[in-house]
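The residues making up each chain are set out below.
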Amino acid sequence: MAAQDVKIFLKEAMERIKNLMAQEKWAEAHRACLEILRFDPENLQIIRLAGKIEKIVKNLNIKSIKSDIKSLDPLWSEGRYEELLENLKHLEPYIKEYPPLKQLILKAQEGYRKKVVQEQDGYYQEEKKKLEEMIREKKFQDALRDAEKLRLLNLHESELRSITERIKKQWLEDEISQNKILLEGEKYEEILLFLQHLKSIDPRSDKIKTLMEGTKKKYERYKVDQRKDYIYQGLEKIKTLYQLKKYDKAAEGAKEILGIDVKNETARGIYEKAKKRAARKGERDLINQMRKSYKQMKEERKKGGKGDYIKL
């Protein structure tokens, strides 16, 4: 392209850019500048013009951002932080051009967080009232379930833990009170099943643990008392078996008595002694059997003669 033609082209392009600027068509005017700079990258006049457009656009954008921010004032005053964040999200791409925008977004986020906490706290206080009402009405299972749900909010954890422990304690006391006759009776298997149910309410309850241990001891004593005659007769029988050196049967009988009365010292003594004597008797019997077999083998050899055996 001739120099004269270049001058004409640039002049026409400049006029076009100025017309676009006059019409405030900033994006088109800026694109036109970039097209010329691709053709003539060192054109200072166009470089300055492109910079001017960028500055104007930046100022216009800032003005628009400020206007948009101003329009959000009612949302700030009414504490409608969720809507605020939705609106500010659209302005987020312009943080670099208008840095104060970042602080506004952070402020809105903090406001939203506090509002959520307040709403949750309000919900917690209402639910706490309901819990106390359920406790008064002895609806312990429902109260415990709702208390566990409230713990998911991670609010007032110490207080809620205390309420939960109180629900369990009062629930156990109420169950024990209602079943006082059962607990004072001698239906020990039913009592143990009932206490196992209470343990499922609060596995760490020292009171239930103590009641279970006490009931088991009473049950053991009860079984002994109920079978005193059987135990007495059994003891006489195993004593006789021991004297007759029938140690295996004596040990077996003693073991049966210990299954009823684990603390019976007489049965335990006979059991230990009979086990030892049975073991010794077994060893002696084995030795005698071996001797008998050897003696028989010798006699058979004598009867059979030397021809019956092959010697190497």
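Note: the structure precedes this text.
This write-up is about the structure you can find in this document. Numbering of residues starts from 1 in each chain and follows the order in which that chain's sequence is written. Confidence filtering applies because this is a predicted model: local features only for residues at pLDDT of at least 70, side-chain atom pairs given and counted only at 80 or more, and all residues used for totals across whole chains, interfaces and linings. No hydrogens and no water enter the side-chain calculation; it runs on all heavy atoms of the structure.

1. Considering the packing of aromatic side chains
And step 1. By convention, a stacked pair of Phe, Tyr or Trp rings (six-membered ring in the case of Trp) has centres within 6.5 Å and planes under 30 degrees apart, an edge-to-face pair has planes over 60 apart, and any other such pair is tilted. Under the definition given, this model contains 4 aromatic pairs.
And step 2. With a centroid separation of 5.3 Å and 70° between ring planes, the pair formed by tyrosine 242 and tyrosine 247 is classed as edge-to-face. Of the two residues, tyrosine 242 and tyrosine 247, neither departs from the other in class, the shared state being buried.
And step 3. Here the aromatic cluster, defined as three or more aromatic residues joined through ring pairs, consists of Tyr188, Tyr219 and Tyr222.
And step 4. Directly above the aromatic system of tryptophan 76 lies the positively charged group of lysine 107, at a separation of 5.0 Å from the ring centroid. Buried means the residue's accessible area, taken with a 1.4 Å probe over protein chains only, is under 20% of the maximum for its type, while exposed means over 50%, and partly exposed covers the values in between. Counted as over-ring charges are cases with an Arg CZ or a Lys NZ within 6 Å of the ring centre that also lie within 35 degrees of the ring normal.

2. Topic: the side chain of threonine 215
And step 1. Only DSSP runs of H or I with at least four residues qualify as helices, and only runs of E with at least two residues qualify as strands; both kinds are numbered from the N terminus onward. Position of threonine 215 relative to the elements: it lies in helix H11 (residues 206-226).
And step 2. The class for threonine 215 is buried, based on a relative accessible area of 9%.
And step 3. Each polar contact in these results corresponds to two N or O atoms within 3.5 Å; when the atoms are within protein, one needs to be able to donate a hydrogen and the other to accept it, and residues that are neighboring in sequence are counted only if both atoms are side-chain atoms. Within polar-contact distance, the side chain of threonine 215 engages the backbone oxygen of leucine 211 at 2.7 Å.
And step 4. For threonine 215, the contacting residues outside a window of four places in its chain are Tyr188, Ile191, Leu192 and Leu195. Note on definitions: a residue-residue contact is assigned when non-hydrogen atoms from the two residues lie within 4.5 Å.

3. A closer look at helix H2 (residues 26-39)
And step 1. Working rule for helices: expected span equals 1.5 Å times residues minus one. Spanning 14 residues, H2 covers 20 Å between terminal C-alpha atoms, matching the ideal 20 Å at 1.5 Å per step.
And step 2. Within the span of H2, buried status applies to Trp26, Ala29, His30, Ala32, Cys33, Ile36 and Leu37. For H2, the arc enclosing every buried residue in end-on projection is 155°, short of the 170-degree limit, so these residues lie on one face. For H2, the exposed residues set more than 90 degrees away from the buried face come down to Ala27 and Arg38. The arc in question is the one traced by the directions running from the helix axis out to the C-beta atoms.

4. Here we look at the environment of lysine 275
And step 1. Along the chain, the position of lysine 275 falls in helix H14 (residues 265-304).
And step 2. C-alpha of lysine 275 to C-alpha of glycine 234: the two residues are 41 residues apart in sequence and 17 Å apart in space.

5. Here we look at helix H6 (residues 100-136)
And step 1. Taking 1.5 Å of rise per residue, the 37 residues of H6 would be expected to cover 54 Å, and the 54 Å separating its terminal C-alpha atoms lies within 8% of that figure.
And step 2. Among all positions in H6, only Leu101, Ile105, Ala108, Gly111, Tyr124, Glu127, Leu131, Glu132, Met134 and Ile135 are buried.

6. Quick word on the environment of lysine 281
And step 1. Mapping lysine 281 onto the fold places it in helix H14.
And step 2. Along the backbone, lysine 281 and glutamate 12 are 269 residues apart, and their C-alpha atoms lie at a distance of 129 Å.
And step 3. Contact partners of lysine 281, with chain neighbours within four places excluded, come to Lys245 and Tyr247.

7. A word on the environment of tryptophan 76
And step 1. Within the secondary structure, tryptophan 76 sits in helix H4 (residues 73-78).
And step 2. Measuring from C-alpha to C-alpha, the distance between tryptophan 76 and lysine 114 comes to 14 Å, with 38 residues separating the pair along the chain.
And step 3. Not counting chain neighbours up to four residues away, the residues in contact with tryptophan 76 comprise Tyr81, Leu84, Leu104, Lys107 and Ala108.

8. Here's the deal with a positive patch on the surface
And step 1. A patch consists of residues exposed above 30% relative accessible area that lack any salt bridge, with like charges linked at up to 9 Å and nonpolar side chains (Val, Leu, Ile, Met, Phe, Trp, Tyr) linked at up to 5 Å. The protein chains shown are the only cover counted for residues, whose accessible areas, like all others here, come from Shrake-Rupley with a 1.4 Å probe. The salt bridge definition used is simple: a Lys or Arg side-chain nitrogen within 4 Å of an Asp or Glu carboxyl oxygen. The convention is simple: Lys and Arg are positive, Asp and Glu are negative, and His and the chain ends are not counted. Just so you know, the charge point we use is NZ for Lys, CZ for Arg, CG for Asp and CD for Glu. A surface patch of like charges, here positive, comprises Lys245, Lys273, Lys276, Arg277, Arg280 and Arg284.
And step 2. Note on placement: arginine 284 falls in helix H14.

9. Focus: the nonpolar core
And step 1. Here, the term nonpolar core denotes a set of buried Ala, Val, Leu, Ile, Met, Phe, Trp, Tyr and Cys residues that are joined through side-chain atoms within 4.5 Å. In this structure, Leu131, Ile163, Ile167, Leu195 and Leu198 are the most contacted members of the largest nonpolar core, which totals 26 residues.
And step 2. Per-element tally for this core: the top contributor is helix H10 (residues 188-201), with 7 residues.
And step 3. Excluding its chain neighbours within four sequence positions, the residues that come into contact with isoleucine 163 are Tyr124, Lys128, Leu131, Glu132 and Ile135.
And step 4. Counting 18 residues, the second-largest nonpolar core is a separate cluster that includes Ile238, Tyr247, Tyr271 and Ala274.

Function cannot be inferred from these measures alone, as they are strictly geometric.
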